[in-house]
Amino acid sequence: MEFLSALAAGNCAKLIVQITTEGVTPVTLALAVAARQIGGKFVCIIPHDHDDEEDINKSICTHHQLNGCDHLKDVIHIVAGNPCEIIKQFKKIDFMVVDSKVGDHLKLLKTADLNSKGSLMVMTNLFINGKKRESLREILKAKDGVYCESVTIPVGEGIELTKIVPSNKHGRKRRTRFHVTYEN
């Protein structure tokens, strides 16, 4: 969670979006701290069907009872509903964390309006039952005008970091350095 918070803050993300099936988590708080630090906006999207109203209320209740985190209450914006519809409301996302347990997470990644100057996407819970989920890089590789680099890190159930930058007008891809160090 500290790693994701540092990435968001280090990239000066003005719009941070988290899509999670787990409600308000320590990662949510870490991203809220990053948003507070850089003066950005943070939105936590929780998938919601009409059947799980109690789960949403419990999550929002936890949000309002953040012991010792009162200074983050105004930073965390929780939105419940269909993530594929909600994500359309947000433009120029700089930093996005998506739990791959979310249904239609690949459609969600394609639907998101990312910052045209570049953004960073993180997919968590990459390995489910020992199988790796489809890579975001493979999905975005087919998109025109987009260049991306990704790395998979064995943290928790695995995370994939993907840096997305626009290609320049001459068709050559703009190169950026993307370096990750992991110590166990």
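Look up a bit, the structure's there.
Residues numbered from 1 in each chain as written. Predicted model: local features only at pLDDT ≥ 70, side-chain atom pairs only at ≥ 80, totals over all residues. Heavy atoms only, no water.

**A closer look at the overall build of the protein**
Helices and strands together make up the secondary structure of the protein, namely 6 helices and 9 strands. Within the protein, the fraction of its 184 residues that count as buried is 44%. The long-range share in the protein, meaning contacts at least 24 apart out of those at least 6 apart in sequence, stands at 66%. (Helix = DSSP H or I, 4+ residues; strand = E, 2+ residues; numbered from the N terminus. Buried < 20%, exposed > 50% of the residue type's maximum accessible area, 1.4 Å probe, protein only. Contact = heavy atoms within 4.5 Å.)

**Some points on helix α1 (residues 2–10)**
Within α1, burial applies to Leu4, Ser5, Leu7, Ala8 and Ala9. With its phi angle positive at about 50°, Cys12 sits one or two positions after the end of α1.

**What about the pairing of strand β1 (residues 15–19)?**
Counting buried positions over the 5 residues of β1 gives 5, a clear majority of the element. Neither face of β1 is exposed, since Leu15, Val17 and Ile19 on one face and Ile16 and Gln18 on the opposite face are all buried. Bridge analysis of β1 against strand β2 (residues 41–47) gives 5 bridges, and the strand direction is parallel. Counterpart to Gln18 in the pairing with β2 is Cys44. (Pairing = 2+ DSSP bridges.)

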